[in-house]
Structures are given as structure tokens and as C-alpha cells.
Amino acid sequence: MIDFAIDALSWILLTLGGVCVLIGGIGALRLPNLYTRIHAASLTDTMATLLIFTGIMLQAGFTLASLKLLAIMVFLLLTGPTATYALANAALLSGLKPDAATITSKVTGGSNG
Amino acid sequence: MIIVFALFLLTLLVITALAIVRSENLFVSVMLLSIFSLLMAANFFILDAADVALTEAAVGAGVTTVIFLSALALTTEREKQQATAQHVALGSVCILAALIIYATFDKPRLGDPEAPVHQHVAPWYLEMTPEHIDIPNVVTAVLGSYRGYDTLGEVFVVFTACIGVLFILGVRPPEQSAKRTAESGGLRHHLIPQVVGRLLIPFIILFGLYVQFHGEYGPGGGFQAGAIIATGVILYALLEGEGAALAAIPRPVLLGLVVGGALLFGAVGIACMLMGGAFLDYSVLSADPVLGQQLGIIIIEAGVGMAVCGALLSIFHAFAARESQP
């Protein structure tokens, strides 16, 4: 019974994490400019990291693998938001105005715009 | 299930490759190349080649991206337009691609145990490694001992590449360069990346050392460790400024690492000869042949790690020193 509960919980977390990544991906493609795209990608990414890694750790149980997963999760939780901050800050310093009305299709270099 | 994932990754790989070719903005190309390397690393990992995956992730996605960006800072971001000879190039690429695809029809199936590569010396390596060297990671045994000549050659390739880049870029630029290098502050005004970087760099270096000295038991070894440690130091250089990184590890030390690493590898080979064995036959290094093999592999892996780390950092600094010129 307890096994089933843990398994179910883990799968719920993994699915939610997947949904988060999907929403982030759609947001990064659909939103109008750089800052909103970063916003969409970063918040969902952090949430998905938490959900997915907790889900996998529940699958792994109390093992060495869980400890390694925890280390990777902490690493991603530290670096992800930092990278987002650095990206947004670099954009701001290079003169891109955080104005929600601007529609830039060139922020991605035009290769997929 | 894993085959579906592998196919997905390979499809992404093709899409990324096409995007790299089509993109005219070189900055975008560099970023896509980094993604390409990461996808490649994931592919290697699916094929159970964890050692190669580690190298690809650290060198391909990490160090080369930074070096490419440093090179881009010296040139322009836009690809030069050229209208000539495109049809010839396209034609030859198409013919080559068709030939390669035709050649794959004769390739054995993925993971086929009857494939020629699994019939030649590979079974012998797998069988004899516990007896000769007694370490769990056969890749390290093959790389360090059985095919030691090849690895020595690779280290000298790294050495030569480093010397070549230094000859082209390492010429000391006149006057103010040194001053400017000390001035260039990295991301000094970016507090958050700096704090997080300071937190992470010790762990990156520690992980590099773990990969270095755990290479006999798990995936890893000198090449991977050298690249990982180099990424740690490059991160430090990006955050604190190139001058700070050069103050931490000065140029002579870097050159010493490159030369010393290559020499250490060669010296182990000579030592083997002096002690009555063949070149790079580590069995004679100790009274117990198995212990001698392990000792030899640890020393040459250290040499490989030193050479790779020193070479990558020297190349990075050679580009970065040019960058800080007006």
C-alpha cells in the first residue's frame, strides 16, 4: 500500500514537472519579447526542477542515487536562476528596454522568429 | 523506450546541425554548437560511453563555447556573404552525404554482438583486464595501458595544439595590454553570478579531482578531469576578471602544466625501459606486475590531466589577452 502511494505520488510529481516544462516551452515561444520569454522559461524551469527531481528521488528511495540526485537538484536550483538573472541583466545593460509592449522577433537572432 | 529517446535526440541533433549551417549570426551559431555538443553527450551516454560523454559535455559544451566566444569578440558577429562556388560546395556535400548513407547499409546493427569490432581484441581486453590490471573500468585500462601509445600521441596532440595557438596568439602585444588585462573586471558589477560562482567553483574543482582519481573505478580520467578543472578556472576568470585568474594560476604555471604533463607521460615510458621493460609497459614499475600497472596508469592519468587542463587554460588566456586590447 505504502509502495503504491509513493509510486503514485512520484508519478504525479513527474507529470506536474513535465507540464511545467511544457508551459515554459510554450511561453518561451509565444510571448512577445525577451524579458517575458525569460520569465516564462525560468520560473517554470525552477519549479520543474523541484518537482521532477523530487519525483525521481521518490522512485530511487533511500539510496546513494537519491543523494546524487539531491546534489544535482541543488546545483540546478543554484545555477538556473543565476543564469536567468545574468541573461536579463546583460540584456538590460546592453540597452534592451523592459517594455511589455515591444514586440521583438529578433531576440533569438531571427533563426526561428 | 531508450531507443525512442535516442531517436528523439538524434533528430534534435540533425535539426541543430541544420540550424548551425543556416544561421548567419555567428553568436547564434556558437550557442547552437554548444547545444549540439550537449545533445551529443547525451547520445554518447545512451550508448553507454560515459567517459566520452563526460569529455564531450565538459570540452564541447563548456570550454570550446567560451573559446569561440572569445574568438568572436576579436572579429565580427556576422558571417561574411560569399556568393561564389556555393553550388560546387553543395554538390560535393550532397555526394559525400549520399556515399556515407550508402556506407551505413553495410554497418552492423547497433549493439550487435557479432559485429567485427566485438570479435577482434575487445573480448581479450575485457577478459584480461581483471588479471593484468585489476581495475573495474576497462576503458581506463585500455586507454592507459593497452593503448598507452595512442594516449601518449593524444597528449602530444594537445601539447602541439597549445603550443601552436600560443605561437599565433601568445605574442606579447605592445605595452598597455598587461595593464588592461589587470583592469578588465569580469562581471564585477554582477553581484549574484559572482556570489553563486564563488560558491560553486570549489565544488567544480573538487569534482574534477574526483573524476581524475576515480578514473579507474568509474567513468573519468585525465582528459575529463583536466577539462572540468579548466571550466572551473575559466568560470573564475569570467566572474572575477582575467587578471584575477592569472594571479591565481600564472602563465608559467600553466605552461609548466602542459609541458610537465606531456613530459611526465613520456618519462613514465622511459622509466619502464630503464627498469627493464618495454616503453610504457608499467608491469616493471613495481615488484607486483598488477600493482605496477595500476601505479603507471595513475601517474600517466595525472600527466594527461595536467596537460589538458594547462592547454585549455593557456588557449583561453591567449584569446582573452587579445580581447582586452582596444
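Criteria and thresholds
Residues numbered from 1 in each chain as written. Chains lettered and ligands numbered in written order. Predicted model: local features only at pLDDT ≥ 70, side-chain atom pairs only at ≥ 80, totals over all residues. Heavy atoms only, no water. Helix = DSSP H or I, 4+ residues; strand = E, 2+ residues; numbered from the N terminus. Buried < 20%, exposed > 50% of the residue type's maximum accessible area, 1.4 Å probe, protein only. Contact = heavy atoms within 4.5 Å. Core = buried A, V, L, I, M, F, W, Y, C linked by side-chain atoms within 4.5 Å. Domains from an automatic or database assignment. 1 Å grid on protein atoms, 1.4 Å probe; cavity = no way out; pocket = protein on both sides within 12 Å on 5 of 7 lines; lining within 4 Å. Points joined across faces, edges and corners; volume = space filled by probe spheres on them. Nonpolar A, V, L, I, M, F, W, Y, C, P; charged D, E, K, R; others polar. Expected span 1.5 Å × (residues − 1). Bend = angle between axes of the 7 residues up to and from the residue. Buried area = accessible area lost by both parts, 1.4 Å probe. Salt bridge = Lys/Arg side-chain N within 4 Å of Asp/Glu carboxyl O. Polar contact = N/O pair within 3.5 Å; in protein donor to acceptor, adjacent residues only side chain to side chain. Axes fitted to C-alpha atoms, helices over the stretch in contact; angles between N-to-C directions. Parallel < 35°, antiparallel > 145°, perpendicular 65-115°, else oblique.

1. Focus: the overall build of chain B
The helix and strand tally for chain B stands at 13 helices and 0 strands. The principal-axis extent of the C-alpha atoms belonging to chain B is close to 60 × 50 × 40 Å. Across the 326 residues in chain B, those meeting the buried criterion constitute 38%. Nonlocal contacts in chain B, meaning residues at least 24 apart in sequence, comprise 71% of its contacts between residues at least 6 apart.

2. Let's talk about the nonpolar core
All names here are of chain B. Membership of the largest hydrophobic core comes to 43 residues, with the highest contact counts inside it found for Phe265, Tyr282 and Leu313. If you list the elements that add at least two residues to this core, you get helix H3 (50–74), helix H7 (148–169), helix H9 (191–213), helix H10 (222–240), helix H12 (251–274) and helix H13 (289–323). Tallying contributions element by element places H13 first for this core, with 13 residues. In this structure, this core is formed jointly by two domains, domain 1 (1–78) and domain 3 (121–326), each of which donates at least three residues.

3. As for the layout of surface pockets
Residues and elements named next belong to chain B. Roughly 1300 Å³ of volume is contained in the second largest pocket. Contributing to the lining of the second largest pocket are 44 residues, with Phe44, Leu47, Asp48, Ala49 and Val52 lying nearest its centre. Contributions of two or more residues to the lining of the second largest pocket are made by helix H1 (2–22), helix H2 (26–46), H3, helix H5 (122–132), helix H6 (138–146), H7 and H10. Of all the elements, H1 adds the most residues to the lining of the second largest pocket, at 6 residues. Of the residues contributing to the lining of the second largest pocket, the split by class is 25 nonpolar, 11 polar and 8 charged.

4. Focus on H3(B)
All names here are of chain B. Along its 25 residues, H3 runs 35 Å from first to last C-alpha, staying within 8% of the 36 Å computed at 1.5 Å per residue. Approximately 35 degrees is the largest bend angle found in H3, and it occurs at Thr64. The set of residues buried in H3 consists of Ala50, Asp51, Ala53, Ala58, Gly60, Ala61, Val63, Thr65, Val66, Ile67, Ser70 and Leu72.

5. What about the interface of chain A and chain B?
Tallying the contact residues gives 12 residues for chain A and 8 residues for chain B. Note on chain A versus chain B: buried area summed over both sides is about 840 Å², and carbon and sulfur give 81% of it. At the junction of chain A and chain B, the tally comes to 0 salt bridges. If you look at where chain A meets chain B, you find 0 residue pairs in polar contact (both at pLDDT 80 or more). Considered class by class, the residues forming the side of chain A that touches chain B number 6 nonpolar, 6 polar and no charged.

6. Concerning helix H2 (residues 34–60) of chain A
Across its 27 residues, H2(A) extends 38 Å between first and last C-alpha, which sits within 8% of the 39 Å expected from 1.5 Å per residue. Downstream of H2(A) by a residue or two, Gly61(A) has a phi angle that is positive, lying close to 75 degrees.

7. Brief notes about the domain arrangement of chain B
Assigned domains of chain B: these are domain 1 (1–78), domain 2 (86–114) and domain 3 (121–326). With centres defined by C-alpha atoms, the gap from domain 1 of chain B to domain 2 of chain B works out at 21 Å.

8. Describing the environment of Leu257(B)
Residues and elements named next belong to chain B. Here Leu257 shows up in helix H12. Judged by relative accessible area, Leu257 falls into the partly exposed class, the value being 23%. Between the alpha carbons of Leu257 and Met306 there is a distance of 5.2 Å; along the sequence they are 49 residues apart. When near neighbours in sequence (up to four residues on either side) are disregarded, Leu257 contacts Met306, Ala307 and Gly310.

9. Side note on the packing of H5(B) against H6(B)
Residues and elements named next belong to chain B. Contact geometry of H5 with H6 gives a least axis separation of 10 Å together with a crossing angle of 80 degrees. Classified by the interaxial angle, the pair formed by H5 and H6 is roughly perpendicular. Across from Trp124, Tyr125, Leu126, Met128, Thr129 and His132 in H5, the residues of H6 making contact are Val138, Ala141, Val142 and Tyr146. Across the contact of H5 with H6, the residue classes tally to 8 nonpolar, 2 polar and no charged.

10. Overview of the pattern of salt bridges
All names here are of chain B. In the structure shown here, the tally under the stated rule is 2 salt bridges over all chains. A salt bridge links Arg147 to Asp150, with the nearest nitrogen and oxygen atoms 3.1 Å apart. What makes Arg147 partly exposed here is its relative accessible area of 40%. You can call Asp150 partly exposed: its relative accessible area is 37%. One salt bridge in this structure joins Glu240 and Arg198, with 2.9 Å as the shortest N-O distance. Remark: Arg198 occurs in helix H9 and Glu240 occurs in helix H10; sequence separation between them is 42 residues.

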